[in-house]
Amino acid sequence: QATFLPLSELVERVVTSLLHFHEANPAYRHVYHAMNGPDGPSCGEAELHKAVVARLEEVILARAPGMPAEKRHVYCTVAVLTVHALLGFAMTASPAMREKIVQELKGVMVSYIEQMTATHQDTKRPSPRQGTKEVPSLDRAIDKGFAEA
């Protein structure tokens, strides 16, 4: 299962797959921007965002079971938005610069996740009720447009 891959390999697989999606679908970012206004994402995009954040929360829960659910939700939201923004930016760059941005993004994500999980690793496994499905937001500004689609 991908959850237990070495972190650098996991990040490599995820970011590279997303890069390939962007390369194979060059109209994606244009459609994304057309469908999502300044007040927040469309309902479909909000649902996709929630699903991606929830999946990342499951991965982080397995790696750092001592992390409080609220912190995990914020960290994962920041990670997902960072990857999305930097990949979108990379697609506007020259191929050489795109490669450098993507490599930097991978390093940023590995460092961020290592830092995020380092202080919350313990042997206590959370109960199933502490899962990632219904995590209330600490800050509605973070979830604006994403929490309720």
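Please refer to the structure placed before this passage.
### What to know about the overall build of the protein
Link 1 in the chain: Assigned secondary structure in the protein consists of six helices and zero strands.
Link 2 in the chain: Reading the protein from its N end, one meets helices and strands in the order α-α-α-α-α-α.
Link 3 in the chain: The buried share of the protein, reckoned over its 149 residues, is 38%.
Link 4 in the chain: Contacts spanning at least 24 positions in sequence make up 75% of the contacts within the protein whose residues lie at least 6 apart.
Link 5 in the chain: By element, 60% of the accessible surface of the protein is carried by carbon and sulfur atoms, the whole surface being about 8900 Å².

### Notes on the packing of helix H1 (residues 7-24) against helix H5 (residues 95-118)
Link 1 in the chain: Across the interface, H1 lies against H5 with an axial gap of 10 Å and an inter-helix angle of 140°. For the element pair H1 / H5, the angle class is oblique. Here H1 runs over H5; the crossing is right-handed. The residues of H5 that touch H1, namely those facing Leu7, Ser8, Val11, Glu12, Val15, Thr16, Leu19 and Glu23, are Arg98, Val102, Leu105, Lys106, Met109, Val110, Ile113 and Glu114.
Link 2 in the chain: The residue inventory of the contact of H1 with H5, partitioned by class, reads nine nonpolar, two polar and five charged.

### Here we look at the packing of helix H4 (residues 69-90) against H5
Link 1 in the chain: Direction vectors running N to C along H4 and H5 enclose 175°, while the axes themselves pass 10 Å from each other. Classed by the angle they form, the pair H4 and H5 counts as roughly antiparallel. Residues Tyr75, Val78, Ala79, Thr82, Val83, Leu86, Leu87, Phe89 and Ala90 of H4 form the contact with H5, whose own contacting residues are Arg98, Ile101, Val102, Leu105, Met109, Tyr112 and Met116.
Link 2 in the chain: Residues that form the contact of H4 with H5 fall into these classes: 14 nonpolar, one polar and one charged.

### Focus on H5
Link 1 in the chain: Taking 1.5 Å of rise per residue, the 24 residues of H5 would be expected to cover 34 Å, and the 34 Å separating its terminal C-alpha atoms lies within 8% of that figure.
Link 2 in the chain: When we look at burial in H5, the residues that qualify are Arg98, Ile101, Val102, Leu105, Lys106, Met109, Val110, Ile113, Met116 and Thr117.

### Remarks on the nonpolar core
Link 1 in the chain: Among the nonpolar cores identified, the biggest contains 28 residues, and Val11, Leu56, Ile60 and Leu87 are the most heavily contacted of them.
Link 2 in the chain: Going through the elements one at a time, H1, helix H3 (43-63), H4 and H5 are the ones with two or more residues in this core.
Link 3 in the chain: For Leu87, the contacting residues outside a window of four places in its chain are Val15, Leu18, Leu19, His22, Val102 and Leu105.

Basis of the calculations
Residues numbered from 1 in each chain as written. Predicted model: local features only at pLDDT ≥ 70, side-chain atom pairs only at ≥ 80, totals over all residues. Heavy atoms only, no water. Helix = DSSP H or I, 4+ residues; strand = E, 2+ residues; numbered from the N terminus. Buried < 20%, exposed > 50% of the residue type's maximum accessible area, 1.4 Å probe, protein only. Contact = heavy atoms within 4.5 Å. Areas by Shrake-Rupley, 256 points an atom, 1.4 Å probe, with all protein chains shown as cover. Axes fitted to C-alpha atoms, helices over the stretch in contact; angles between N-to-C directions. Parallel < 35°, antiparallel > 145°, perpendicular 65-115°, else oblique. Left-handed = near helix turned anticlockwise from the far one by under 90°. Nonpolar A, V, L, I, M, F, W, Y, C, P; charged D, E, K, R; others polar. Expected span 1.5 Å × (residues − 1). Core = buried A, V, L, I, M, F, W, Y, C linked by side-chain atoms within 4.5 Å.

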